[in-house]
Each structure stands twice: as C-alpha cells, then as structure tokens.
Amino acid sequence: MNSIETVLHEAGLVVTCGPGGVGKTSTAAALALAAANSGRRVIVVTVDPARRLADALGIDGSARSHDPSEVVGATTHPKGSLWALMLDAESTFDRMIMDRAGDAKRAQTILTNPIYRSIAGSLGGAQEYMAIERLHQLWSSNEFDLIVIDTPPSRHAIDLLGAPDRLVTFFSHPIYRIIAAPGRSFARVTNAGSATFLWAVRKLAGPKVVEDIIEFFRSLSGMEAGLRQRAAEAATLLRAETTAFVLVSSPRAEAIDEAAHLVDALEAGGFPLQAVVINLVHPTPTPIAAKQLPKDLPPGPLADQLEFYRDLAALATDEAREMDRLRTLAGDVALVEVPLIDDIHDLDGLTELGTHLLG
Amino acid sequence: MGPGRTTPEWLGRTRVLVVVGKGGVGTSTVAASMAVLAASGGADVLLVSVDGKAGLGPLLGGAPLGPSEQLLRADAFAAGEGRIRGRTITPKQAFGDYLELKGFGGILRRAASAASLDLIAGATPGMEHLLVLGKIKELDRLQSADLIIVDAPPAGHATPFLRSASALQTAVASGPVRDQADEVAALLADHARCQCVMVTLPEETPVNEVIELAYDLDHELSLALAPLVVNGCWPQRAGLSMTAAAAARKQKVTLSVETRRVLDDVARFGQSRLDLQAEQFARLDDRLPLSRVHLPRLPVARLLPDHLDVLAEALAVTPTIPASAAK
C-alpha cells in the first residue's frame with residue numbers, strides 16, 4: 001500500500017493543492033473515485049472544473065446547485081459511492097447570510113448592499129472563506145466518509161487556507177469595531193480613526209459608498225460571534241490528524257518553483273502534507289547505444305524519429321532534475337510520478353489516472 | 001526600428017500590450033519573448049508584472065522583479081538602442097502613487113494607509129484592479145517606454161481585471177475614482193493605444209478556455225485582440241507517422257531490432273501528441289476567427305534566457321490566418 005492508498009483509506013478530508021494547469025482537479029476526482037471503489041462514501045468538491053470533466057461528474061454549469069449530486073454508476077462497490085459538488089462561493093455566502101441574519105428583512109438588506117455584493121462576488125478573500133464554510137458544513141453533516149476538496153491554483157490556495165484566520169483578524173480590525181458599534185449613524189461616528197477612514201473613502205469614491213459601508217458593517221455585527229466560531233472550527237479541521245494535503249505539480253520548472261513554495265507555506269501553516277503527485281511527466285525513451293545510431297543522416301523520416309528521440313531523452317533528463325528538487329524538499333513525504341495522459345474527460349480516464357496514483 | 005530583428009506589424013500597433021491566459025499556459029514566457037523580440041528590433045520595452053510574479057526578472061537573466069524599475073537586458077542587442085526594463089505593480093504601490101499624483105496631502109494619505117487598502121478595496125468593487133490599470137495608464141501617458149508589456153493575472157482573473165474600469169463606471173457616479181475609471185476605460189477601448197495578446201496551449205481545456213476568453217474580451221469589453229499565441233506546439237515531424245522499419249528502409253539504413261522497438265515507441269508517442277494538437281488547431285480554425293502564431297515546445301523543463309531568443313524568432317513569423325477569419 002503506497003502512502004496515497006493509506007490516505008484514501010484513513011483520511012476524512014483530503015485537500016489537493018498546487019499550481020494552475022497541472023491537472024489538480026482531475027487528480028482530486030481520481031482520488032475520490034479510487035476511494036469510492038474501495039467502499040467509502042466520498043464527495044469531491046471542486047472550484048472550477050474544466051467543462052468536460054464537470055460533465056463527467058454530472059456537475060456542469062447549468063446543474064450548479066447547493067447540494068451534492070451523486071455520480072451515477074461511478075463505482076460498482078456495494079458500499080462505495082461517489083458524489084460531486086461544484087462550489088459556488090456567492091450562493092454559499094448568500095445562504096449563510098440568510099441562515100444567520102435572524103429575519104428575512106435584515107437578510108435582504110445585507111444581500112442587496114453593494115458592498116456585500118462586491119465582497120461576495122470576488123473580492124476580499126470571500127470566495128476562499130466560503131469554500132471553507134461549505135467544507136465545514138459538509139464535514140459536520142457526517143454524510144461522507146471522505147471529503148476531497150480541490151483548491152484554486154497555489155497562491156490562492158494559501159489564501160484559502162488562511163481564510164478562517166483572516167476573517168477573525170478582520171472582525172478584530174479597529175475600524176470594523178468602531179463602525180459596527182450599534183447606535184451610531186455616520187454623523188455620529190465620532191471616533192477620529194474611523195471618521196478619517198470614512199472621510200477618505202468618501203473623498204475617493206463618493207458618499208454613497210460610505211453609506212453602504214456603514215450599513216454593511218452594521219448588519220454583520222450580530223453575526224460576528226457565529227462567524228468567528230465557525231472560522232476557528234474550520235482552522236482546526238484543516239490541521240486535524242485525519243486531514244491530508246496532497247500537493248499536485250507538473251515537472252516544469254515554474255510549477256516546481258510554485259510547488260516548492262507551497263511545501264514551505266503548508267509547513268509554516270501547520271497543514272499536514274501527506275503526498276506529492278507530479279503529473280504530466282513525459283515518457284523516458286529506453287536509451288539506444290550510440291553505436292546503434294546512424295550518423296550523418298540526411299533529412300527524412302528516420303532523421304525525424306531520431307531527432308524526436310533525442311528531444312524526448314533531453315526533456316526526460318531535464319524533468320528528472322526538476323523533480324529531484326521537489327523530492328529533496330518533500331523529505332519523507334511520498335512522491336508519485338504520473339505519466340502524461342490525454343485530456344481526461346470521463347470516468348474511464350479518471351480510473352486510469354487513479355491506477356497511476358496508487359502505483 | 002533598429003538594425004536588429006524585424007518586428008512583426010502587430011507588435012508595433014499599440015504602446016500597451018496586455019498578455020492574458022490561464023495559469024500554466026506560459027503567459028510570462030510569451031511576455032518575455034515578446035519583449036526580447038521588440039527590443040532586438042530597437043524598441044525600449046517595459047515589462048510589467050501585476051500578479052506579484054517576480055520570476056520574469058530571472059527568466060531574462062536579471063534579478064527578481066520589484067516595485068522599482070530595473071534594467072534587465074540591453075547590451076545583448078546588437079541594435080544598441082533596444083533594451084528591456086522590468087517592474088511589478090501592486091495595488092498598494094499604485095494606491096500610494098495615485099494619492100501622490102492627485103496631490104492628496106498628508107491627512108488623506110495617512111487616513112487611507114491607516115484604513116488599509118483592503119477595506120477601501122473591499123468597499124469598492126474592482127478598486128484594486130483599477131489602481132493597477134490606472135498606474136499602467138499613467139506610464140502610457142508619460143510615454144515611459146516604446147512598448148509596455150503587461151503580464152496579466154491568469155484567466156478567470158483576467159476578465160475581472162480588465163472589466164474593473166467599466167464596472168466602476170457603473171458603480172461610482174462621480175469623484176476621483178470615477179475619473180480614474182473613465183480614463184482607464186478610454187485606454188482599454190482605444191485600439192490605437194492598447195491591445196490584448198491571448199496565450200493558450202494546443203490542448204482541449206486551454207483551447208476551450210481561450211475561446212471563452214476571446215468572446216469576453218472582444219464582445220463584452222471591445223478590446224483590440226492581437227494574434228493568438230499558441231504556446232508549446234510540438235514541432236511537425238512527418239516521419240513520426242511511420243514505423244521505424246519503414247523509416248529506415250526509406251533512408252536505406254539498417255537498425256537493430258532493439259533500436260527499432262525504441263523508435264517505434266517514441267514515434268507512436270510523438271504522433272499521438274501531433275494528432276491531438278492537430279485536432280485543437282482545427283477547432284481554433286473553426287471557432288476562433290483570429291490570426292495565430294505558434295511557438296514551439298522546447299525540449300526543456302526549465303526555460304533559460306537563451307531559449308527566449310528561439311521563441312522570439314518564432315513570434316516574428318507572420319501570423320497564419322484561419323479561413324474563418326478571412327471571411
């Protein structure tokens with residue numbers, strides 16, 4: 001049993017992370033499928049799957065929903081099942097506001113506030129926070145033996161993992177505390193710090209924005225304690241013993257550089273890295289003895305083949321060197337190489353990828 | 001143009017050139033190669049990284065990029081005049097510069113920095129992007145280089161980045177932010193001042209994504225699109241479609257059984273890549289009426305400064321025009 005197999009048997013949460021364009025989402029799905037085939041009830045949560053992969057998992061854009069959908073026929077194991085969910089940060093955020101706002105009128109005030117809309121849409125790390133929020137909901141539901149969550153490309157992955165901590169910091173920000181204090185209108189926000197802040201915003205972006213800011217912070221204030229607690233729980237979950245991080249990379253230097261940076265960041269954050277997967281590795285041709293190679297060959301089909309043979313051999317050497325750098329950094333953590341396979345867009349492709357992942 | 005390489009017509013069309021593409025397709029490589037091509041033709045090039053990526057510096061043989069401009073390459077060009085400078089632009093930095101430029105004195109500057117950009121940016125959708133684009137607009141206005149190449153955030157983030165100005169025009173009715181949004185929108189929409197270079201790979205998912213991106217940029221934002229750059233193309237080698245035995249016969253050479261077996265494997269792998277790639281070229285021909293430049297896949301895992309010259313050479317080739325675009 002290699003370490004990935006152990007992870008799939010024992011972990012309750014697997015987080016895949018890595019640079020963009022290395023097949024991270026496919027890897028997450030293949031890991032989930034493999035675990036389902038071993039008899040576990042598994043859900044794979046993705047952020048932004050390529051269309052054909054999403055189709056294969058039955059979570060194409062049109063079917064985007066808040067609830068997990070079962071991938072029918074994914075596994076023949078009597079006890080196993082595979083579920084998929086495409087994360088929609090905005091709707092998760094909206095739902096959370098509705099759940100916690102207390103009454104519908106208040107929820108509506110928040111949901112239509114332009115500041116809220118911009119935060120929920122894309123800015124301020126809200127997407128990342130919502131991924132964690134949704135993860136926490138799935139975890140608490142106890143409906144799954146294993147949750148495999150795919151993170152956005154690396155730099156954003158660190159944002160994602162830090163989101164719960166950041167939210168807590170946000171609520172501790174002096175500006176927030178002052179503005180959110182009850183019973184004050186803008187005219188009565190007398191504290192020098194916040195008054196200057198609002199004055200600066202007004203000067204730059206106009207009075208409407210200032211009103212929106214005050215209203216937004218005000219409406220959030222009752223929810224603060226709940227959000228804080230949730231954030232703290234999520235932060236603990238990500239560092240739990242049953243949580244395993246799987247770092248996915250390709251052998252290209254830029255990807256390896258980012259992956260190396262991630263290894264450090266995970267360690268610094270106390271996130272348990274359990275395996276490293278290097279995807280998209282080119283095949284190494286069997287060496288041909290120099291005396292077997294024809295010399296001074298004019299252009300032609302055989303010359304084409306020999307040229308390509310030399311290119312592939314050079315590429316393999318170069319890739320091996322890059323992978324060694326990551327192997328050294330990863331230390332005791334197992335590293336699995338996965339050969340380049342064609343664009344994966346169905347369950348067969350995921351099964352093939354899974355075979356390579358489990359060695 | 002200096003006595004060096006001849007730069008293609010499209011590269012000289014605008015001063016500002018924004019390079020966009022999904023993570024992993026090589027936008028930084030393409031931005032750097034374009035800089036090399038333009039500089040070797042005698043242009044004064046400024047490379048700007050907006051995603052906090054410092055790696056463009058070392059790729060060009062310099063130090064990692066930072067907020068102040070550094071000279072990356074000059075004497076390498078026979079033309080003598082061409083040079084490449086590089087820098088990063090982050091929202092924070094752009095914000096400080098902006099306040100200074102607009103003559104906002106002590107109190108607002110202090111207030112703004114105390115409030116932390118995060119909060120102001122959180123309060124105003126697209127503000128961070130707008131600040132960065134505003135700085136680029138300023139560099140354009142000052143004519144601080146013949147060519148300003150912007151390595152944009154990855155697709156997914158590229159559209160919000162480029163859309164920030166028009167979004168803010170809707171959200172903010174008046175004031176300095178509105179003025180800034182108006183000016184940035186004017187720059188982006190001006191096909192004589194700014195164009196976008198999209199980068200993709202000859203693979204299914206990147207091709208799907210670039211088709212979507214093209215429609216966003218063209219239909220929705222009316223940006224000028226430069227030729228599409230397809231990075232990482234396997235060089236065409238007709239001999240890969242044959243068995244090693246047939247290839248050897250054709251060239252009147254005898255090979256050992258062992259050698260034939262190895263070459264058969266190699267050729268089969270190569271041909272399968274070429275077939276997949278041809279499929280994607282056909283899809284692009286069909287669905288994206290945009291001229292294209294193909295950059296070769298080099299047999300290395302780590303690109304070195306010398307490789308950029310090879311890619312620059314490939315970029316200099318006149319783009320091919322698919323039939324769908326000729327109509």
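Parameters and conventions
- Residues numbered from 1 in each chain as written.
- Chains lettered and ligands numbered in written order.
- Predicted model: local features only at pLDDT ≥ 70, side-chain atom pairs only at ≥ 80, totals over all residues.
- Helix = DSSP H or I, 4+ residues; strand = E, 2+ residues; numbered from the N terminus.
- Contact = placed C-beta atoms within 7 Å.
- Buried ≥ 20, exposed ≤ 12 C-beta atoms within 10 Å, placed from the backbone.
- Pairing = 2+ DSSP bridges.
- Axes fitted to C-alpha atoms, helices over the stretch in contact; angles between N-to-C directions.
- Core = buried A, V, L, I, M, F, W, Y, C linked by C-beta atoms within 7 Å.
- pLDDT = per-residue confidence, 0-100.
- Right-handed = clockwise from strand over helix to strand, strands pointing away.
- Expected span 1.5 Å × (residues − 1).
- Parallel < 35°, antiparallel > 145°, perpendicular 65-115°, else oblique.
- Left-handed = near helix turned anticlockwise from the far one by under 90°.
- Nonpolar A, V, L, I, M, F, W, Y, C, P; charged D, E, K, R; others polar.

Participant: Quick one: what's the story with the overall build of chain A, residue by residue and with numbers?
Facilitator: A tally of helices and strands in chain A yields 15 helices and 8 strands. Restricting the contact set of chain A to residue pairs at least 6 apart, pairs at least 24 apart contribute 77%.

Participant: Residue-level account of the overall build of chain B, with values.
Facilitator: Of the regular secondary structure elements, chain B holds 13 helices and 9 strands. By the burial criterion, 50% of the 327 residues in chain B qualify as buried. When contacts within chain B are restricted to residue pairs at least 6 apart in sequence, long-range pairs at least 24 apart make up 75% of them.

Participant: Please give an account of the sheet that holds strand β2 (residues 41-46) of chain A that cites residues and values.
Facilitator: Residues and elements named next belong to chain A. Read from one edge to the other, the open sheet built from 8 strands follows the order β3-β4-β2-β5-β1-β6-β7-β8, with strand pairing classed as mixed. Strand pairing shows two members of the sheet lacking a second neighbour, β3 (69-70) and β8 (334-339), which therefore form its edges. This element, helix α2 (residues 24-37), spans β1 (13-17), β2, β4 (81-86), β5 (146-150), β6 (243-249) and β7 (273-281) of the sheet and lies at about 170° to β2. Together, β7 and β8 form the strand contacts of helix α15 (residues 347-357), whose direction differs from that of β8 by roughly 140°.

Participant: Give me unusual backbone geometry: which residues, what numbers.
Facilitator: Despite not being glycine, leucine 280 of chain A shows a phi value in the positive range, around 60°. A positive phi angle, near 50°, is found at serine 222 of chain B, a position not held by glycine. Note on placement: serine 222 of chain B falls in the loop between α9 (204-220) and β7 (224-225). For serine 222 of chain B, a count of 11 C-beta atoms within 10 Å gives the class exposed.

Participant: How would you summarise the nonpolar core if you had to cite specific residues and measurements?
Facilitator: Counting 93 residues, the largest nonpolar core has Val19, Ala35, Val45, Ile148, Ile149 and Val150 of chain B as its most contacted members. Top element by residues in this core is helix α1 (residues 27-40) of chain B. It accounts for 9 residues. In contact with valine 45 of chain B, not counting residues within four places along its chain, are Ala35, Ala38, Ala39, Arg83, Ile84, Ala145, Asp146, Leu147 and Ile149 of chain B. In terms of nonpolar packing, the next biggest core, distinct from the first, is built from 76 residues, Leu33, Leu247, Val338 and Leu353 of chain A among them.

Participant: Kindly report on the confidence of the model for chain A, identifying the contributing residues and their values.
Facilitator: Confidence in the prediction for chain A averages 82 pLDDT; 77% of positions are at 70 or higher. Within the model, pLDDT remains below 50 along residues 184-190 of chain A, and this stretch shows 11 contacts once partners closer than five positions in the same chain are excluded.

Participant: An account of the pairing of β7 of chain A is needed here, citing residue identities and associated values.
Facilitator: Residues and elements named next belong to chain A. Where β6 lies against β7, 5 bridges are found, and the strand directions are parallel. Paired with phenylalanine 245 across the two strands is leucine 273, which belongs to β7. Bridge count between β7 and β8: 5 bridges; the pairing is parallel. Paired with valine 276 across the two strands is leucine 335, which belongs to β8. Each parallel crossover has a hand, and the one from β7 via helix α14 (residues 301-330) to β8 is right-handed.

Participant: Got a sec to walk through α14 of chain A? Specific residues and values, please.
Facilitator: Because an α-helix packs 3.6 residues into every turn, residues spaced three or four apart end up facing the same way. With 30 residues, α14 of chain A should cover 44 Å at 1.5 Å per step; its first-to-last C-alpha distance of 43 Å lies within 8% of that length. Positive backbone phi, approximately 60°, marks glycine 331 of chain A, located one or two places after α14 of chain A.

Participant: Go over the confidence of the model for chain B with me, naming the residues and quoting the values.
Facilitator: Averaged over all residues, the pLDDT of chain B equals 87, while 89% of them reach at least 70. Model confidence for the complex: the whole-complex pTM is 0.88, and ipTM, which rates the interface, is 0.89.

Participant: Just give me the short version of the packing of helix α7 (residues 158-171) of chain B against helix α8 (residues 176-189) of chain B, but keep the residues and values in it.
Facilitator: All names here are of chain B. Two elements in contact, α7 and α8, have axes separated by 8 Å at closest approach and are oriented at 135°. With respect to each other, α7 and α8 are oriented oblique. Here the hand of the crossing between α7 and α8 comes out left-handed. Residue-level inspection shows Leu162, Ala165, Ser166, Leu168 and Gln169 of α7 in contact with α8, the latter providing Val177, Ala181, Asp182, Val184, Ala185 and Leu188. Residue composition of the contact of α7 with α8, by class: 8 nonpolar, 2 polar and 1 charged.

Participant: How would you summarise the packing of helix α3 (residues 91-101) of chain B against helix α6 (residues 127-141) of chain B if you had to cite specific residues and measurements?
Facilitator: Each pair of packed helices gets described by two things: the angle between the helix axes and the distance between those axes. Residue and element names in this part refer to chain B. Between α3 and α6, the least distance of the axes is 8 Å, while the angle of their chain directions is 60°. The two elements α3 and α6 meet at a crossing, and its hand is left-handed. On α6, the residues that touch Pro91, Ala94, Phe95, Asp97 and Tyr98 of α3 are Glu128, Leu131, Val132, Gly134 and Lys135. Broken down by class, the residue content of the contact of α3 with α6 amounts to 6 nonpolar, 1 polar and 3 charged.

Participant: Residues and numbers for the environment of aspartate 216 of chain B, please.
Facilitator: Relative to the helices and strands, aspartate 216 of chain B resides in helix α9. Setting aside residues up to four positions removed in sequence, aspartate 216 of chain B forms contacts with Thr159 and Leu221 of chain B.

Participant: Residue-level account of the environment of leucine 87 of chain A, with values.
Facilitator: On the secondary structure map, leucine 87 of chain A appears in the loop between β4 and α4 (89-100). Leave out the neighbours within four places in its chain, and leucine 87 of chain A touches Val45, Thr46, Val47, Ala131 and Arg134 of chain A.

Participant: Mind laying out the pairing of strand β2 (residues 44-49) of chain B, listing which residues take part and the relevant values?
Facilitator: Residue and element names in this part refer to chain B. Most of β2 is tucked away, with 5 of its 6 residues classed as buried. Of the strand pairs in this sheet, β2 and strand β4 (residues 83-88) are connected by 6 bridges, and their pairing is parallel. Of the residues in β4, the one forming a bridge with serine 49 is threonine 88. Note: β2 against strand β5 (residues 147-151), 5 bridges, orientation parallel.

Participant: Requested: an account of the environment of aspartate 309 of chain B, with residues and values cited.
Facilitator: All names here are of chain B. Topologically, aspartate 309 is positioned in helix α12 (residues 305-315). Since 15 C-beta atoms lie within 10 Å of it, aspartate 309 is described here as partly exposed. Note: C-alpha distance between aspartate 309 and glycine 134 (175 residues apart in sequence) is 32 Å.

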